[in-house]
Amino acid sequence: MFLHQLRSLIRTLPRIPPSAALNGARFLASGTQTVKIKFIDRDGDGFLVDAPLGENLLKVAHKFDIDLEGACDCTLSCCTCHLVVHPDWYYNLGSEPCEDELDMLDMAYGLTETSRLGCQVVVTSNMDGLIVRIPPYEPQYT
């Protein structure tokens, strides 16, 4: 009797597809699949967040109140969401910057070889453990 009740209970639990276990991805209670991403702010403080798959890094930062500006609202016409990707992760992002992104990055303060615009990096399941840093801000006009 007990075994029958246990099986009935298990059948009522939501099923998580086997693909969800790949690359460390997890599901939130809402059913949204996420990966852990660490943002390091301008002061060097780290924030580990559950980033939903399919969101760009700028929107993830805003969702968790991380101070990353996005003046152009993801239209690829500014460089205010400039991030520095940890070198171990840069070539594993799954996408390379397009020509327009590279043009915008040319105007970014603190540009590095692993710089990307947060609005152009979309979270995927292979990004579990990704580390990005928000570079120091230098006003262009004083």
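Procedures and definitions
- Residues numbered from 1 in each chain as written.
- Predicted model: local features only at pLDDT ≥ 70, side-chain atom pairs only at ≥ 80, totals over all residues.
- Heavy atoms only, no water.
- Pairing = 2+ DSSP bridges.
- Helix = DSSP H or I, 4+ residues; strand = E, 2+ residues; numbered from the N terminus.
- Phe/Tyr/Trp six-rings, centres within 6.5 Å; stacked < 30°, edge-to-face > 60°.
- Buried < 20%, exposed > 50% of the residue type's maximum accessible area, 1.4 Å probe, protein only.

Colleague: Account for the pairing of strand E2 (residues 33–40), with residues named and values stated.
Modeller: Remark: a regular strand shows side chains that alternate across the two faces of the sheet. Where E2 meets strand E3 (residues 46–52), seven bridges bridge the pair, whose relative direction is antiparallel. Bridge assignment links Val35 to a residue of E3, and that residue is Ala51. Joining the antiparallel neighbours E2 and E3 is a turn of five residues, in which Gly44 adopts a positive phi near 90°. Relative to strand E6 (residues 130–133), E2 runs parallel, the two sharing four bridges. From the neighbouring strand, Ile37 faces E6, where its bridge partner is Leu130.

Colleague: Mind laying out the packing of aromatic side chains, listing which residues take part and the relevant values?
Modeller: Counting across every chain of the model gives one aromatic pair. Considering the side-chain rings of Tyr90 and Tyr91, the 5.0 Å spacing of their centres and the 90° angle between planes classify their relative orientation as edge-to-face. Judged by its relative accessible area of 12%, Tyr90 is buried.

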